[in-house]
Amino acid sequence: QKALPLEQVAALLEAGLRSPETKVVRPTFPSGGGSYPIETYFCVTAVTGLEPGFYHYLAEEHSYTQVSSTLPELADFNQQFGMKFEHYPQLTVIMTFQKSKNIKKYGSLAYKLALLEAGHRSQNLVLVAAGLEIACCPMGGGDIAAINGHIKADGYDENYLYGVAFGVAGEH
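So, here is what we can say about the structure in this document. (Residues numbered from 1 in each chain as written. Predicted model: local features only at pLDDT ≥ 70, side-chain atom pairs only at ≥ 80, totals over all residues. Heavy atoms only, no water.)

**Thoughts on the sheet that holds strand β5 (residues 134–139)**
Selection rule: In this scheme, strands are said to pair when DSSP sees at least two bridges between them. Only DSSP runs of H or I reaching four residues or more are called helices, and only runs of E reaching two or more are called strands; each is numbered from the N terminus. The axes are straight lines fitted to the C-alpha atoms, using for helices just the contacting stretch, and the angles between their N-to-C directions are given from 0 to 180°. Any two residues whose heavy atoms approach within 4.5 Å at even a single point are treated as in contact.
If you trace the six strands from one edge of the open sheet to the other, you get β3-β2-β1-β4-β6-β5, paired in antiparallel fashion. Across the chains shown, the open sheet's two edge strands, defined by having one partner strand only, are β3 (63–68) and β5. Averaged over all neighbouring strand pairs, the angle between strand axes comes to 30 degrees, with direction disregarded. Where β5 meets strand β6 (residues 158–168), six bridges bridge the pair, whose relative direction is antiparallel. Note on β6: the bridge partner recorded for P138 is V164. Contacts from helix α2 (residues 74–81) reach β1 (38–44), β4 (91–98), β5 and β6, with the element oriented near 40 degrees to β4.

**What to know about unusual backbone geometry**
A positive phi angle, near 50 degrees, is found at H62, a position not held by glycine. For H62, the position within the fold is in the loop between β2 (53–58) and β3. Unlike most non-glycine residues, K152 shows phi in positive territory, near 65 degrees. Along the chain, K152 turns up in the loop between α5 (144–151) and β6.

**Here's the deal with the side chain of D157**
Put simply, the rule reads: For every residue, the accessible area obtained with a 1.4 Å probe (protein chains only) is divided by the maximum for its type, and the residue is called buried under 20%, exposed over 50%, and partly exposed between those limits. His is not counted, nor are the chain ends; Lys and Arg add positive charge and Asp and Glu add negative charge. Here, a salt bridge means any Lys or Arg side-chain nitrogen found within 4 Å of an Asp or Glu carboxyl oxygen.
Of note, D157 is situated in the loop between α5 and β6. Although D157 is buried, it makes no salt bridge; K99 carries the closest opposite charge, 6.2 Å away.

**Examining the packing of aromatic side chains**
Just so we agree on the cut-off: Side-chain rings of Phe, Tyr and Trp, where Trp is taken by its six-membered ring, are said to pair if the distance between their centres is within 6.5 Å; with planes under 30 degrees apart they count as stacked, over 60 as edge-to-face, and otherwise as tilted. Remark: a charge is flagged as sitting over a ring if the NZ atom of Lys or the CZ atom of Arg is within 6 Å of the ring centre and within 35 degrees of the ring normal.
If you walk through the whole model with that rule in mind, you get eight aromatic pairs. With 5.9 Å between their ring centres and 75 degrees between their planes, F42 and Y64 make a pair best called edge-to-face. With F42 in strand β1 and Y64 in strand β3, this pair connects stretches of sequence that are 22 residues apart. Using a relative accessible area of 1% as the deciding quantity, one classes F42 as buried. Taken together, the ring pairs connect F77, F81, F85, Y88 and Y160 into an aromatic cluster. When the ring centre of Y156 is taken as reference, the NZ or CZ atom of K99 above it lies at 4.1 Å.

Encoded structure:
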């Protein structure tokens, strides 16, 4: 399996999830009330310079920290993300909803706003991937508890919401 170059992954995350053109970090997508309740993680199986595992992406610093070095077997990965991949995607971006960031202000509307934000984030990532000639596959379903476990989300305040798989074009 070919690996995605780390430089491409960095460009994908930076252009898709933050605005690199200004000194002030401005996300490239709207968020209800500016609360930005979506956290971003990613799963690496084949990226040059990164060990396989799950990472938390910190957009403001354009950095990441590893949260787990254990990958599920491919069959389990497919079941957990509701997919039928023949090979692991080289990179999977995982978005979670951290409800404490907007539930007080928006109540029952908070989840809907989080879904809209996740959609905007995903669209940005898909558009940037096209420009970088990276193949992608948005994923809206899956086993929330299993994915939460991989990224150490508590399942109460923070839960898996949406994912996008990325890989070398023509590889899958």
